[in-house]
Amino acid sequence: QARKYDVLIDDVSEADFDNIGELLGNQRLQACERPMPFPFHGCIYGSSAARMFVSLPVKPSEHGAERVVNFLYDTGSPHTFLRRDTFCTLFPLVNPPRRVGMVWVHDICIWVSESHGHFENVDLLGQDFFIRGQLTVATDYRSNVFAIS
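Residues numbered from 1 in each chain as written. Predicted model: local features only at pLDDT ≥ 70, side-chain atom pairs only at ≥ 80, totals over all residues. Heavy atoms only, no water.

Draft legend 1. Layout of the environment of Val-68. Mapped onto the elements of the fold, Val-68 is located in strand 3 (residues 67-73). The sequence separation of Val-68 and Gln-27 amounts to 41 residues, and the corresponding C-alpha distance is 7.3 Å. When residues no more than four places from it in sequence are discounted, the contact partners of Val-68 are Asn-26, Gln-27, Arg-28, Leu-29, Gln-30, Cys-32, Met-36, Ser-55 and Leu-56. (Helix = DSSP H or I, 4+ residues; strand = E, 2+ residues; numbered from the N terminus. Contact = heavy atoms within 4.5 Å.)

Structure (C-alpha cells):
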C-alpha cells in the first residue's frame with residue numbers, strides 16, 4: 001500500500017535542509033547526544049506552501065543508536081517514509097539498503113517505507129505515528145511553529 005502513495009513536494013530542495021536544521025536546532029541524521037524534550041516543537045517553513053517540519057529521535061531497534069530525523073509532517077499521508085540515505089544511516093549493515101523497516105520514533109514503534117516518487121528527497125512523517133502514539137498537534141501560524149504532544 002505504501003508504494004501507491006505519492007505527493008508532489010517540489011518546493012523543498014536539498015539546499016533547504018540546512019536552513020530547516022537551523023530553525024529546528026538539529027541537523028538531519030546527527031547522533032542524539034541527549035534526550036529530546038517532549039512535547040516536540042516544530043517549525044513552519046516556506047513562504048508559499050507552509051511546510052511543517054519537526055526533529056524527532058529515530059532508532060532502528062529498541063536498543064539501537066538514535067539519530068535525529070527532520071521530518072516533513074504530511075497530514076494526508078497514512079504512512080511514514082524515510083529517504084534512502086536515512087535508511088542507510090539507520091541500517092548500515094544491510095546490503096542492498098532496505099525499502100521497508102521497523103523503527104522507534106520517540107517511544108513509538110512504526111513501520112516505515114523508503115521515500116519515492118515526487119517526495120524521495122524528504123523524510124515524511126505520516127498519520128501512522130500520530131494514531132499509534134495517540135498524539136495531538138497544535139499549530140500556531142502566527143508564530144510559524146507547532147507542537148506534538
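The rest of the description comes next.
Draft legend 2. Structural context of the packing of aromatic side chains. For the structure on display, the rule yields seven aromatic pairs. Both rings, one in Tyr-73 and one in Phe-130, keep their centres 4.5 Å apart while their planes meet at 40°; by these two values the pair is tilted. You can see Tyr-73 sitting in strand 3 and its partner Phe-130 sitting in helix 3 (residues 127-133), a full 57 residues away along the chain. As far as the burial class goes, Tyr-73 and Phe-130 line up, both buried. By way of ring pairs, the aromatic residues Tyr-73, Phe-129, Phe-130 and Phe-146 are connected into one cluster. Looking at Arg-28, its charged tip hangs above the ring of Phe-17, at a distance of 5.9 Å from the centre. We note Arg-83 situated over the ring of Phe-17; from NZ or CZ to the ring centre the distance is 5.3 Å. (Phe/Tyr/Trp six-rings, centres within 6.5 Å; stacked < 30°, edge-to-face > 60°. Buried < 20%, exposed > 50% of the residue type's maximum accessible area, 1.4 Å probe, protein only. Lys NZ or Arg CZ within 6 Å of the ring centre and 35° of its normal.)

Draft legend 3. Molecular detail of the pairing of strand 9 (residues 145-148). Strand direction decides the pairing type here: strand 1 (residues 40-45) and strand 9, joined by four bridges, are antiparallel. Looking across to strand 9, one finds that Gly-42 is bridged to Phe-146. In this structure, strand 8 (residues 137-140) lies alongside strand 9, joined through four bridges in antiparallel fashion. Following the sheet pairing, Ala-138 is matched in strand 9 by Ala-147. What sits between the antiparallel neighbours strand 8 and strand 9 is a turn of four residues, in which Asn-144 has the positive phi angle 60°. (Pairing = 2+ DSSP bridges.)

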